[in-house]
Amino acid sequence: MRRVDERRTGTAAGLAAYGLWGLFPLYFPLLEPAGGLEIVAHRVVWSLLFVALLITVLRRWSLVRAAVTDLRSLLVLAGAAVLIAANWLVFVYGVNSGHVVETSLGYFINPLVSVLLGVVVFAERLRPLQWTAVGLAALAVAVLTWDYGRPPWIALTLALTFGGYGLLKKLVRVEAAPGLLVETALVLVPALVVIGVLQGTGRGTAGEGTGHLLLLVSSGIATAVPLLLFAAAARRIPLSTVGLLQYVTPLMQLAIGVFVYGEPMPPARLAGFAVVWTALAVFTVDSLRAARAAGRRAAAEQVPAAA
């Protein structure tokens with residue numbers, strides 16, 4: 001019964017995390033007239049303060065000290081900080097420049113990019129269906145390049161930066177909140193410089209009213225809460241379930257782009273997305289089959305031990 005409750009809690013946390021990320025295209029336009037660089041700088045500052053307060057309440061500062069005093073972990077987290085900041089910047093630019101549909105594409109193809117990074121970095125061997133999914137994703141990018149008249153660089157950058165971020169996070173064993181605090185602390189100085197320069201030259205928007213300032217401050221909470229919910233989900237439910245839930249975000253973003261912002265979806269673009277969805281269906285089926293096979297093997301290995 002306890003395991004069932006844990007899974008329900010984990011699934012709810014995962015849906016909440018991916019649902020909040022899916023709503024981001026509705027949130028970031030509220031921060032205008034702030035530009036992408038200013039928004040990201042404020043996300044860094046306020047998420048750092050929010051997470052520091054949370055860690056104080058949870059008494060997790062020992063985990064932060066452990067991460068900071070380990071040079072390898074610090075270097076890996078520094079790389080992760082650069083990648084996630086770049087991801088945030090491109091995402092905000094994409095949303096606020098009317099390319100919400102393209103941002104959703106980035107998160108649709110992200111799982112396949114992560115698989116390729118595993119091959120390149122960890123020399124992992126792909127199963128035939130995984131190669132089929134990767135090939136279909138490449139075909140989809142070619143179709144969408146023809147439709148857009150250019151490579152879908154927003155989508156590709158989002159997929160590569162978030163995929164690289166996930167890869168680096170796999171290299172260190174640091175909990176979500178301490179890891180996020182260290183990452184944001186490492187880019188705090190550049191963020192403060194950006195805010196200072198913008199405010200000093202009259203291009204900053206923090207002084208445009210209490211409501212706008214509160215929205216900028218809330219970007220820290222909006223950054224931290226989904227990450228913490230995701231961490232709670234990952235600890236309670238199988239990775240296969242997490243993998244299925246992650247499609248909630250790009251589906252919501254795609255719907256917002258098409259039905260809320262009225263972005264065009266011509267036949268060629270729809271065809272490109274259909275190829276991506278086919279690739280994801282192949283990838284998901286293969287992942288579920290592999291997870292079930294691994295479960296059966298583990299159960300079979302436990303039988304002699306029990307006897």
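In this text the structure is predicted, and so the values were computed from the model without any measurement.

About the criteria used
- Residues numbered from 1 in each chain as written.
- Predicted model: local features only at pLDDT ≥ 70, side-chain atom pairs only at ≥ 80, totals over all residues.
- Heavy atoms only, no water.
- Helix = DSSP H or I, 4+ residues; strand = E, 2+ residues; numbered from the N terminus.
- Buried < 20%, exposed > 50% of the residue type's maximum accessible area, 1.4 Å probe, protein only.
- Contact = heavy atoms within 4.5 Å.
- Phe/Tyr/Trp six-rings, centres within 6.5 Å; stacked < 30°, edge-to-face > 60°.
- Salt bridge = Lys/Arg side-chain N within 4 Å of Asp/Glu carboxyl O.
- UniProt positions renumbered as here; feature names shortened; annotations may be inferred.

## Brief notes about the environment of His42
Move 1: Positionally, His42 belongs in helix α2 (residues 36-58).
Move 2: In this structure His42 comes out as buried when scored by relative accessible area, which is 3%.
Move 3: Other than its neighbours up to four places away in sequence, His42 contacts Ser47, Ile195, Ala206, Leu216 and Ser219.

## Remarks on the packing of aromatic side chains
Move 1: Within this structure, the stated rule accounts for 15 aromatic pairs.
Move 2: Residues Phe28 and Phe91 carry aromatic rings whose centres are separated by 5.9 Å and whose planes lie at 75° to one another, so their mutual orientation is edge-to-face. Of this pair, Phe28 sits in the loop between α1 (2-27) and α2 while Phe91 is found in helix α4 (residues 71-96), placing the two residues 63 residues apart along the sequence.
Move 3: Looking at Phe28, the relative accessible area reads 1%, which means it is buried.
Move 4: Summarising the aromatic geometry, the rings of Phe91 and Tyr107 are spaced 6.1 Å apart at their centres and angled 65° between planes, so their arrangement reads as edge-to-face. Of this pair, Phe91 sits in helix α4 while Tyr107 sits in helix α5 (residues 100-122); the two residues are 16 residues apart in sequence, bridging distant segments of the chain.
Move 5: Overall, the relative accessible area of 5% leaves Phe91 in the buried class.
Move 6: Ring-pair connections join several aromatic residues into one group, and the members of that group are Phe24, Tyr27, Phe28, Phe91, Tyr107, Phe162 and Tyr165.

## Focus: the pattern of salt bridges
Move 1: Using the criterion set out here, one finds 5 salt bridges in the structure.
Move 2: A salt bridge links Arg127 to Asp286, with the nearest nitrogen and oxygen atoms 2.7 Å apart. Remark: Asp286 occurs in helix α13 (residues 267-306) and Arg127 occurs in the loop between α5 and α6 (128-148); sequence separation between them is 159 residues.
Move 3: With a relative accessible area of 34%, Arg127 lands in the partly exposed category.
Move 4: Of the charged contacts, one joins Lys169 and Glu183 as a salt bridge, the two residues approaching to 2.6 Å between their closest N and O atoms. Pair noted here: Lys169 is in helix α7 (residues 153-170) and Glu183 is in helix α8 (residues 176-186), with a separation of 14 residues, a long-range link.
Move 5: What makes Glu183 buried here is its relative accessible area of 1%.

## Observations concerning the UniProt feature "domain: EamA" (unreviewed entry) in the chain
Move 1: Here, the residues flagged by UniProt with the feature "domain: EamA" (unreviewed entry) are residues 13-145.
Move 2: As a span, residues 13-145 carries 86% helix and 0% strand, and end to end its C-alpha atoms are 36 Å apart.

## Regarding unusual backbone geometry
Move 1: Of the consecutive residues Glu32 and Pro33, the connecting peptide bond is found in the cis state with omega at 15°.
Move 2: With respect to the helices and strands, Pro33 occurs in the loop between α1 and α2.

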